[in-house]
Amino acid sequence: NFMSSASEVKDSGRHDRLAWSKRAEQRLRDELKEIALKNCKPDVENFVNCSKENGLAVIWRCRSHNRQMNACLSQYTNENAYQEYRRSKEEKLIRKREEH
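Residues numbered from 1 in each chain as written. Predicted model: local features only at pLDDT ≥ 70, side-chain atom pairs only at ≥ 80, totals over all residues. Heavy atoms only, no water.

**Q** Looking at this structure, how should I read the side chain of Asp43?
**A** Here Asp43 is to be found in helix α3 (residues 41-54). Leaving out residues up to four positions away in the same chain, Asp43 has contacts with Gln68, Met69 and Cys72. (Helix = DSSP H or I, 4+ residues; strand = E, 2+ residues; numbered from the N terminus. Contact = heavy atoms within 4.5 Å.)

**Q** Honestly, the packing of aromatic side chains in this entry has me stumped. Any pointers?
**A** We describe a pair of aromatic rings using the distance from one ring centre to the other and the angle between the two ring planes. Here the structure, examined in full by the defined rule, presents zero aromatic pairs. One cation-aromatic arrangement involves Arg29 over Tyr82; the distance from NZ or CZ to the ring centre is 3.7 Å. (Phe/Tyr/Trp six-rings, centres within 6.5 Å; stacked < 30°, edge-to-face > 60°. Lys NZ or Arg CZ within 6 Å of the ring centre and 35° of its normal.)

**Q** Help me out: how do you make sense of the nonpolar core in this one?
**A** Burial of nonpolar side chains together is a common tendency in soluble globular proteins. Residues Ala36, Cys40, Val44, Phe47, Cys50, Cys62, Met69, Cys72 and Leu73 constitute the largest nonpolar core, which totals nine residues. Only α3 and α5 (63-77) provide two or more residues apiece to this core. Sequence-distant contacts of Leu73, defined by excluding residues within four places in its chain, comprise Ala36, Leu37, Cys40 and Val44. With six residues, the next largest nonpolar core counts Ala24, Leu28, Tyr82 and Tyr85 among its residues. (Core = buried A, V, L, I, M, F, W, Y, C linked by side-chain atoms within 4.5 Å. Buried < 20%, exposed > 50% of the residue type's maximum accessible area, 1.4 Å probe, protein only.)

**Q** Just to check I follow, could you spell out the environment of Ser51 for this structure?
**A** Mapped onto the elements, Ser51 comes out in helix α3. Assessed through its relative accessible area of 23%, Ser51 is described here as partly exposed. Each C-alpha atom, one on Ser51 and one on Cys62, is 6.6 Å from the other, the two residues being eleven residues apart in sequence. Not counting residues within four places of it along the chain, the set of residues in contact with Ser51 comprises Val58 and Cys62.

**Q** Teacher, can you tell me more about helix α2 (residues 22-39) here?
**A** Think of an α-helix as 3.6 residues a turn; residues three or four steps apart then line up on the same face. The end-to-end C-alpha distance of α2, which contains 18 residues, comes to 26 Å, matching closely the 26 Å that a straight helix rising 1.5 Å per residue would cover. Among all positions in α2, only Ala24, Glu25, Leu28, Leu32 and Ala36 are buried. Looking straight down α2, one finds its buried side chains confined to an arc of 125 degrees; they lie on one side. Turned more than 90 degrees away from the buried face of α2, the exposed residues are Lys22, Arg23, Glu34 and Lys38. Buried residues along α2 sit in contact with α5 and α6 (79-99). (Expected span 1.5 Å × (residues − 1). Arc of directions from axis to C-beta.)

**Q** Before we go on, may I ask you to explain α3 in this structure?
**A** For α3, built from 14 residues, the straight-helix expectation of 20 Å at 1.5 Å per residue is met to within 8% by its first-to-last C-alpha distance of 20 Å. Considered for burial, the residues of α3 that qualify are Asp43, Val44, Phe47, Cys50 and Asn54. Down the axis of α3, the buried set is contained in an arc of 130 degrees. They therefore lie on one face. The exposed residues of α3 that point more than 90 degrees off its buried face are Pro42, Lys52 and Glu53. Buried residues along α3 sit against α2, α4 (58-61) and α5. Just downstream of α3, Gly55 is the residue with a positive phi angle, here 50 degrees.

Structural data, given as structure tokens:
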């Protein structure tokens, strides 16, 4: 059927237009990391302060601070969070293109 192959070509072309370069993907991951650091600032500061106070004993004495910080950061930087962030950026780009 001609119509179905035309729509497949259109869908394929749309996917190609929305494909992200490695550089763009890294930029998205960097943005997400900045968001994570901003939102987890208290946990990061607690770990940093603990590590400054404990020197080499940081491994043992700051373990709970480290776990808390990593738990917070991973909410924003895990693969699901990245895919959701990427999808939201794609939607914004599509809307912006449609406006012009």
